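# Observations on chain architecture
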Amino acid sequence: DQQVKQNSPSLSVQEGRISILNCDYTNSMFDYFLWYKKYPAEGPTFLISISSIKDKNEDGRFTVFLNKSAKHLSLHIVPSQPGDSAVYFCAAKSQGNLIFGKGTKLSVKP
Amino acid sequence: DTAVSQTPKYLVTQMGNDKSIKCEQNLGHDTMYWYKQDSKKFLKIMFSYNNKELIINETVPNRFSPKSPDKAHLNLHINSLELGDSAVYFCATRTTDTQYFGPGTRLTVL
């Protein structure tokens, strides 16, 4: 049973536009959420995170929004750049360990 | 200077063989993990080591055994390899809220 779901396996966006990646979770006990970015043949790298006591966290072009009542979070990238093309994993922290979604492959076209 | 390194990057072997994957970290973190990313792209936790003690084992077959000779290393030994073991294996370390991943080892069992 997937506790963290990324229902869109892929997303294609034009350079300069906004990319919105979505993630849903089922366990209301999750207290911390993270986004990881993964390039081919490399390990996931940490991108941005948010605590469950907040509803927004911003870092440069990246903003994560958390809607606890809907058990939904999203990652906004604006403006999108070709170098952002990668697989993005949503993760939720549970008792110190991370539970990952399946990932969404983002393609940013010039 | 690589924070989390894994060797080898690629490993191709026959069914029934025994193999090892090595992981080293220079971050000084107390907790290290092994993850498996299977053909469906799920990143699933296999083991966690904290100060040389195994603290979780997520229903992984006992053919898999983690070994930590010291705080900076967590190696993964796999006995009697099976076709279904083919996957990418990631080592990771943990701070309070974030995990840092190695580049991955792609294991192919023929």
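An account of the accompanying structure is given in this report. (Residues numbered from 1 in each chain as written. Chains lettered and ligands numbered in written order. Predicted model: local features only at pLDDT ≥ 70, side-chain atom pairs only at ≥ 80, totals over all residues. Heavy atoms only, no water.)

### With respect to the sheet that holds strand 7 (residues 64–70) of chain B
Residue and element names in this part refer to chain B. As a reminder of what qualifies: For two strands to be treated as a pair, DSSP must find at least two bridges joining them. Numbered from the N terminus, helices here are DSSP runs of H or I no shorter than four residues, and strands are runs of E no shorter than two. Here an angle of 0 to 180 degrees is reported between the N-to-C directions of two axes, which are lines fitted to C-alpha atoms, with helices fitted over the stretch in contact.
Across the sheet, which stays open at both edges, the four strands sit in the order 1-3-8-7 with antiparallel pairing between neighbours. In the strand order of this sheet, the two ends are held by strand 1 (4–7) and strand 7, each with one partner. Neighbouring strand axes in the sheet, compared pairwise and without regard to direction, differ in orientation by 20 degrees on average. Across four bridges, the pairing between strand 1 and strand 3 (residues 19–25) is antiparallel. Looking across to strand 3, one finds that serine 5 is bridged to glutamate 24.

### Observations regarding the environment of leucine 106 of chain A
Residue and element names in this part refer to chain A. Here is the rule: Here a residue-residue contact requires only that any non-hydrogen atoms of the pair lie within 4.5 Å.
Mapped onto the fold, leucine 106 is located in strand 11 (residues 104–109). Taking the C-alpha atoms as reference points, leucine 106 and proline 82, separated by 24 residues in sequence, lie 9.6 Å from one another. Other than its neighbours up to four places away in sequence, leucine 106 contacts Leu11, Val13, Ser19, Ile77, Asp84, Ser85, Ala86 and Tyr88.

### Describing the interface of chain A and chain B
Put simply, the test is: By buried area we mean the combined loss of accessible area, with a 1.4 Å probe, across both parts when two parts are placed together. Think of a polar contact as two N or O atoms within 3.5 Å of one another; within protein, one of them needs to be a possible hydrogen donor and the other a possible acceptor, and neighboring residues in sequence only count if both atoms come from side chains. Note that Gly is not counted as nonpolar here; it falls among the polar residues with everything else outside the nonpolar set of Ala, Val, Leu, Ile, Met, Phe, Trp, Tyr, Cys and Pro and the charged set of Asp, Glu, Lys and Arg.
On the side of chain B, 20 residues touch chain A, which itself brings 17 residues to the contact. For the chain A and chain B pair, buried surface summed over both sides reaches about 1500 Å², with 58% attributable to carbon and sulfur atoms. Considering only the surface of chain A that becomes buried against chain B, Asn97, Phe100 and Lys102 of chain A emerge as the three largest contributors, covering 31% of it. Between chain A and chain B we count three residue pairs in polar contact (both at pLDDT 80 or more) in total. Put simply, the parts of the chain that give the side of chain A that touches chain B at least two residues each are strand 4 (32–38), strand 9 (86–94) and strand 10 (97–100) of chain A. Broken down by element, the side of chain A that touches chain B gets its largest block of residues, four residues, from strand 4 of chain A. Residues of the side of chain A that touches chain B, tallied by class, amount to nine nonpolar, four polar and four charged.

### Some remarks on empty space enclosed by the protein
All names here are of chain B. Applicable threshold: A pocket, in this scheme, is an open set of points on a 1 Å grid over the protein atoms alone with protein on both sides within 12 Å along at least 5 of 7 lines, while a cavity is a set where a 1.4 Å probe fits but cannot get out; residues line either one if an atom lies within 4 Å of a point. Grid points are joined across faces, edges and corners, and a volume is the space filled by probe spheres set on the points.
With the rule as written, the count across this model stands at one cavity of 30 Å³ or more. If you add up the space inside the largest cavity, you get close to 60 Å³. Lining the largest cavity are 13 residues, and of these Asp30, Met32, Tyr49, Ser68 and Lys71 lie nearest its centre. Among the secondary structure elements, those contributing two or more residues to the lining of the largest cavity are strand 4 (31–37), strand 5 (43–50), strand 7 and strand 8 (73–78). Of the residues in the lining of the largest cavity, the class split is three nonpolar, six polar and four charged.

### Here we look at the environment of threonine 31 of chain B
Residue and element names in this part refer to chain B. We apply this condition: Here's how the labels work: a residue is buried when its accessible area is under 20% of the maximum for its type, exposed when over 50%, partly exposed in between, all with a 1.4 Å probe on protein chains only.
On the secondary structure map, threonine 31 appears in strand 4. The exposure class assigned to threonine 31 is buried, which follows from its relative accessible area of 3%. Taking the C-alpha atoms as reference points, threonine 31 and arginine 94, separated by 63 residues in sequence, lie 5.5 Å from one another. Among all residues touching threonine 31, those that are not within four sequence positions of it are Ser48, Tyr49, Asn50, Ala92, Thr93 and Arg94.

### Some words on the pairing of strand 7 of chain B
Residue and element names in this part refer to chain B. Taken together, the five bridges between strand 7 and strand 8 define a ladder with antiparallel strand orientation. Within the sheet, the bridge partner assigned to serine 65 lies in strand 8 and is histidine 77. Here strand 7 folds back onto strand 8, and the loop between the two strands holds two residues.

### Brief notes about the sheet that holds strand 7 (residues 62–67) of chain A
Residues and elements named next belong to chain A. Spatially, 1-3-8-7-6 is the arrangement adopted by the five strands of the open sheet, whose pairing is antiparallel. Among the strands making up the open sheet, the edge pair consists of strand 1 (4–5) and strand 6 (56–59). As paired strands, strand 1 and strand 3 (residues 19–25) are joined by two bridges and run antiparallel to one another. Bridge pairing in strand 3 places lysine 5 opposite aspartate 24.

### Examining the environment of proline 44 of chain A
Mapped onto the elements of the fold, proline 44 of chain A is located in the loop between strand 4 and strand 5 (45–51). Residue class for proline 44 of chain A comes out buried when judged on its relative accessible area of 1%. Residues proline 44 of chain A and alanine 86 of chain A lie 42 residues apart in sequence; the distance between their C-alpha atoms is 10.0 Å. Leave out the neighbours within four places in its chain, and proline 44 of chain A touches Tyr36, Lys37 and Lys38 of chain A together with Leu43, Phe90 and Phe101 of chain B.

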